[in-house]
Amino acid sequence: MLLAGFGSLIQLLYLAMLVLAVVAFVFAATAREDAYRAADKKKKSFWLIILGVAIAVNLYPFFLFLQLAGVVASIVFMVDVRPAIKEVSGGGGGGRRGGSSSDGPYGPYNGGR
């Protein structure tokens, strides 16, 4: 009984690693090439190859060391590269990046005071 539960936990971890790699790959594929250069990160093709290999390795759960390397690469992309690309591309929280609700397109609006 206990080993069956442990096996299910391991399968869930394998699935989580695969999902993380696929999500990172999709984000890497949809970002613009010039955003990678502007953010001073590796080329888009580099990240697509690394994350594609991570997906391929996660499909065959016999290479635990390579799977862990793929997870590290996916995490690095998600917490370092993706936010830098998003910042350079102008992607933010709905166009508002701080400031007050009275800010206009050229600075704060003070009502002619």
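Residues numbered from 1 in each chain as written. Predicted model: local features only at pLDDT ≥ 70, side-chain atom pairs only at ≥ 80, totals over all residues. Heavy atoms only, no water.

K.L.:
Describe a nonpolar patch on the surface, and please don't skip the residues or the numbers.
P.N.:
A surface patch of nonpolar side chains, about 640 Å² in accessible area, is lined by Phe 6, Leu 9, Leu 12, Leu 13, Leu 15, Val 19 and Val 23. Tracing the backbone through its elements, the reader meets Phe 6 in helix 1 (residues 2-30). (Patch = residues over 30% accessible without salt bridge, like charges linked within 9 Å, V, L, I, M, F, W, Y side chains within 5 Å. Areas by Shrake-Rupley, 256 points an atom, 1.4 Å probe, with all protein chains shown as cover. Salt bridge = Lys/Arg side-chain N within 4 Å of Asp/Glu carboxyl O. Helix = DSSP H or I, 4+ residues; strand = E, 2+ residues; numbered from the N terminus.)

K.L.:
How would you explain the confidence of the model for the chain if you had to name every residue and give the values?
P.N.:
Summary statistics for the chain give a mean pLDDT of 83 and a share of 76% for residues scoring 70 or more. The secondary-structure element of the chain with the lowest mean pLDDT is strand 1 (residues 103-104), recorded at 64, while helix 3 (residues 44-59) shows the highest, at 94. (pLDDT = per-residue confidence, 0-100.)

K.L.:
Got a sec to walk through the layout of surface pockets? Specific residues and values, please.
P.N.:
Within this model, the largest pocket holds a volume of roughly 180 Å³. What lines the largest pocket is Phe 27, Thr 30, Ala 31, Arg 32, Phe 77, Arg 82, Ile 85, Lys 86 and Ser 89. For the lining of the largest pocket, the elements supplying multiple residues, two or more each, are helix 1 and helix 4 (64-89). At five residues, helix 4 tops the list of elements feeding residues into the lining of the largest pocket. Residue classes in the lining of the largest pocket are distributed as four nonpolar, two polar and three charged. (1 Å grid on protein atoms, 1.4 Å probe; cavity = no way out; pocket = protein on both sides within 12 Å on 5 of 7 lines; lining within 4 Å. Points joined across faces, edges and corners; volume = space filled by probe spheres on them. Nonpolar A, V, L, I, M, F, W, Y, C, P; charged D, E, K, R; others polar.)

K.L.:
Outline helix 4, supporting the account with residue identities and numerical values.
P.N.:
In an α-helix, one full turn covers 3.6 residues, which means residues spaced three or four apart are oriented alike. Spanning 26 residues, helix 4 covers 35 Å between terminal C-alpha atoms, matching the ideal 38 Å at 1.5 Å per step. Phe 77 marks where helix 4 bends most, by close to 35 degrees. Looking at helix 4, one finds that the buried residues are Gln 67, Gly 70, Val 71, Ala 73, Ser 74, Phe 77, Val 81, Ala 84 and Ile 85. The first or second residue beyond helix 4 is Gly 90, which carries a positive phi of 85 degrees. (Expected span 1.5 Å × (residues − 1). Bend = angle between axes of the 7 residues up to and from the residue. Buried < 20%, exposed > 50% of the residue type's maximum accessible area, 1.4 Å probe, protein only.)

K.L.:
Give me the nonpolar core: which residues, what numbers.
P.N.:
Formed by Ala 24, Ala 28, Ala 31, Ala 35, Tyr 36, Ala 39, Trp 47, Leu 51, Phe 77, Val 81, Ala 84 and Ile 85, the largest nonpolar core amounts to twelve residues. If you list the elements that add at least two residues to this core, you get helix 1, helix 2 (33-38), helix 3 and helix 4. Ranked by the residues each element gives to this core, the list is headed by helix 4, at four residues. Not counting residues within four places of it along the chain, the set of residues in contact with Ala 24 comprises Leu 51, Ser 74, Phe 77 and Met 78. (Core = buried A, V, L, I, M, F, W, Y, C linked by side-chain atoms within 4.5 Å. Contact = heavy atoms within 4.5 Å.)

K.L.:
Kindly report on the packing of aromatic side chains, identifying the contributing residues and their values.
P.N.:
The relation between two aromatic rings is expressed through the spacing of the ring centres and the mutual angle of the planes. The final tally for this structure, using the stated rule, is two aromatic pairs. Relative to Trp 47, the ring of Phe 46 has its centre 5.4 Å away and its plane inclined at 85 degrees; by these criteria the two rings are edge-to-face. Residues Trp 47 and Phe 77 carry aromatic rings whose centres are separated by 5.6 Å and whose planes lie at 55 degrees to one another, so their mutual orientation is tilted. Taken together, the positions of Trp 47 in helix 3 and Phe 77 in helix 4 put the pair 30 residues apart, joining distant regions of the chain. Through pairs of rings, three or more aromatic residues link up here, namely Phe 46, Trp 47 and Phe 77. For Lys 42, the ring lying beneath its charged end belongs to Phe 46, and the centroid distance is 5.7 Å. Taking NZ or CZ as reference, Arg 82 lies 3.7 Å from the ring centre of Phe 27, over its face. (Phe/Tyr/Trp six-rings, centres within 6.5 Å; stacked < 30°, edge-to-face > 60°. Lys NZ or Arg CZ within 6 Å of the ring centre and 35° of its normal.)

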